[in-house]
Amino acid sequence: MRAALVSVAVLASSLPSVSAAGQTPSTPDSTESELTIAAGDCLLEVRGKRYLSGPCEIEATRDSVLVRSSGRRMHSAVVAFERDKVVGFWNGEQALGAAHLSLGDMAREGSCWVNQISRVCARPTRVKRRISL
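Residues numbered from 1 in each chain as written. Predicted model: local features only at pLDDT ≥ 70, side-chain atom pairs only at ≥ 80, totals over all residues. Heavy atoms only, no water.

Caption draft 1: How the structure looks around the overall build of the chain. Scanning the chain from terminus to terminus reveals 0 helices and 10 strands. Its helices and strands taken in sequence order, the chain reads β-β-β-β-β-β-β-β-β-β from the N to the C terminus. The long-range share in the chain, meaning contacts at least 24 apart out of those at least 6 apart in sequence, stands at 48%. As displayed, the chain offers around 7000 Å² of accessible surface, 49% of which is attributable to carbon and sulfur atoms. (Helix = DSSP H or I, 4+ residues; strand = E, 2+ residues; numbered from the N terminus. Contact = heavy atoms within 4.5 Å. Areas by Shrake-Rupley, 256 points an atom, 1.4 Å probe, with all protein chains shown as cover.)

Here it is in structure tokens:
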């Protein structure tokens, strides 16, 4: 799970794509050891309440996507691509620490990952940098 908490940001076209089943990520033009950091527009909704809507920083790797707000209250969410499923995490209503609270299994829907209780969207607008790890 440690790899899932690594953050990376990419342009929308290079966000990990998902298979027809809607779960298996694949990023053909990316290596497992690349981290991309981008500015973008994000959305984090949990149980009908918006915690992040607007400018954000996105970090993405082959294994995960992290979105985080800026400012005093730094809400964040991680979408982790595991072997046969996609799982979400966030840092809670109070924006405490790392994204450690489970959002459960998620499915890809455009530039978002969703389930019955949450929606995490990442729409990169500008790549800041790419780092080979």
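Caption draft 2: Focus on the sheet that holds strand E4 (residues 49-60). The 8 strands are arranged E3-E4-E5-E6-E7-E8-E9-E10 in a closed barrel whose pairing can be described as antiparallel. Averaged over all neighbouring strand pairs, the angle between strand axes comes to 30°, with direction disregarded. Note: strand E3 (residues 34-46) against strand E10 (residues 118-132), 13 bridges, orientation antiparallel. When the sheet's bridge partners are listed, Cys42 is paired in E10 with Ala122. (Pairing = 2+ DSSP bridges. Axes fitted to C-alpha atoms, helices over the stretch in contact; angles between N-to-C directions.)

Caption draft 3: Focus on the layout of surface pockets. Taken as a whole, the largest pocket spans an internal volume of roughly 150 Å³. At the level of secondary structure, the elements contributing two or more residues to the lining of the largest pocket comprise strand E5 (64-68) and strand E6 (76-81). Split by residue class, the lining of the largest pocket holds 8 nonpolar, 3 polar and 1 charged. (1 Å grid on protein atoms, 1.4 Å probe; cavity = no way out; pocket = protein on both sides within 12 Å on 5 of 7 lines; lining within 4 Å. Points joined across faces, edges and corners; volume = space filled by probe spheres on them. Nonpolar A, V, L, I, M, F, W, Y, C, P; charged D, E, K, R; others polar.)

Caption draft 4: Layout of the pairing of strand E8 (residues 101-109). Here 5 bridges tie strand E7 (residues 86-90) to E8, and the two strands are oriented antiparallel to one another. Bridge pairing in E8 links Val86 to Met106. Pairing analysis gives 3 bridges linking E8 to strand E9 (residues 112-114), with the strands arranged antiparallel. Counterpart to Glu109 in the pairing with E9 is Cys112. In textbook terms, the turn of a hairpin is the stretch between consecutive antiparallel strands, and for E8 and E9 this stretch comprises 2 residues, one of which, Gly110, has a positive phi near 65°.

Caption draft 5: Focus on the pattern of salt bridges. If you walk through the whole model with that rule in mind, you get 7 salt bridges. Taking the shortest distance from any N to any O, the salt bridge between Glu45 and Arg50 comes out at 2.8 Å. Assessed through its relative accessible area of 19%, Glu45 is described here as buried. On the basis of relative accessible area, Arg50 is assigned to the exposed category, the value being 51%. One salt bridge in this structure joins Asp105 and Lys85, with 3.9 Å as the shortest N-O distance. In this pair, Asp105 sits in strand E8 while Lys85 sits in the loop between E6 and E7, placing the two residues 20 residues apart along the sequence. By relative accessible area, Asp105 is classed as partly exposed at 48%. (Salt bridge = Lys/Arg side-chain N within 4 Å of Asp/Glu carboxyl O. Buried < 20%, exposed > 50% of the residue type's maximum accessible area, 1.4 Å probe, protein only.)

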